[in-house]
Amino acid sequence: NIYQLREAVYRLLGFKVDMYPGPKGSFQVKLRSMYAESEDDYLMFQMSEKGQLDLLESPYAKTLPPNLCLGLNVFKSFPIFTGDITRH
């Protein structure tokens, strides 16, 4: 069931994942690290119908130092980016 999947992702990868409907057939994903200092420390992503994934602005995303975003901006890698977030 979905609860077990969310719990497994949380325990294995260290992120709580919530999904919300987005515009034009897309959906949004809210990602919060188990190491977050506050409930407001989360990242928002939007995935299009075609599978394009984009980081959305959020108060927490605005606080991230530029070097933490290298994995995303240079290598276009969400796994590198979320790993850097965890180590931060």
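The following refers to the structure shown. It should be emphasised that the depicted structure is a prediction, and the values quoted were computed from it without experimental measurement.

Description of the overall build of the protein chain
- Each helix and strand in the protein chain was counted, giving four helices and four strands.
- Ordered by position in the sequence, the α and β elements of the protein chain form the string α-β-β-β-β-α-α-α.
- Since a compact globule built from 88 residues should have a radius of gyration of about 12 Å, the 13 Å found for the protein chain is in line with a globular shape.
- Dimensions of the protein chain, computed from C-alpha atoms along their principal axes, come out at roughly 35 × 30 × 20 Å.
- Within the span of the protein chain, comprising 88 residues, buried residues form 33% of the whole.

So, unusual backbone geometry
- In the Ramachandran plot, lysine 24 falls in the positive-phi region, its phi being about 50° despite a non-glycine side chain.
- Backbone geometry places lysine 76, a non-glycine residue, at a positive phi of 55°.
- Among the structural elements, lysine 76 can be located in the loop between α3 (70–73) and α4 (78–87).
- What makes lysine 76 exposed here is its relative accessible area of 63%.

Comments concerning the sheet that holds strand β4 (residues 53–56)
- Taken in spatial order, the four strands line up as β1-β2-β3-β4 in an open sheet, and their pairing is antiparallel. Strand pairing shows two members of the sheet lacking a second neighbour, β1 (15–21) and β4, which therefore form its edges. Put simply, the sheet's adjacent strands are angled 25° from each other on average, direction ignored.
- With four bridges connecting them, strand β3 (residues 43–47) and β4 associate as antiparallel partners. When the bridges of β4 are listed, phenylalanine 45 appears paired with leucine 55.

Some words on the pairing of β3
- Summarising the sheet, strand β2 (residues 27–33) and β3 pair through five bridges and their orientation is antiparallel. Counted as the bridge partner of leucine 31 is leucine 43 from β3.

A word on helix α1 (residues 2–13)
- A rise of 1.5 Å per residue sets the reference length of α1, with its 12 residues, at 16 Å; its end C-alpha atoms lie 16 Å apart and thus fit the reference within 8%.
- Little of α1 is tucked away, with zero of its 12 residues classed as buried.
- Near the N-terminus of α1, the side chain that reaches the backbone nitrogen of tyrosine 3, with its oxygen 2.9 Å away, is that of asparagine 1.
- Positive phi appears at glycine 14, one or two residues downstream of α1, with a value of about 85°.

Reading the values: the criteria
Residues numbered from 1 in each chain as written. Predicted model: local features only at pLDDT ≥ 70, side-chain atom pairs only at ≥ 80, totals over all residues. Heavy atoms only, no water. Helix = DSSP H or I, 4+ residues; strand = E, 2+ residues; numbered from the N terminus. Rg over C-alpha atoms; globule rule 2.2 N^0.38 Å. Buried < 20%, exposed > 50% of the residue type's maximum accessible area, 1.4 Å probe, protein only. Pairing = 2+ DSSP bridges. Axes fitted to C-alpha atoms, helices over the stretch in contact; angles between N-to-C directions. Expected span 1.5 Å × (residues − 1). Polar contact = N/O pair within 3.5 Å; in protein donor to acceptor, adjacent residues only side chain to side chain.

By themselves these figures say nothing about function.
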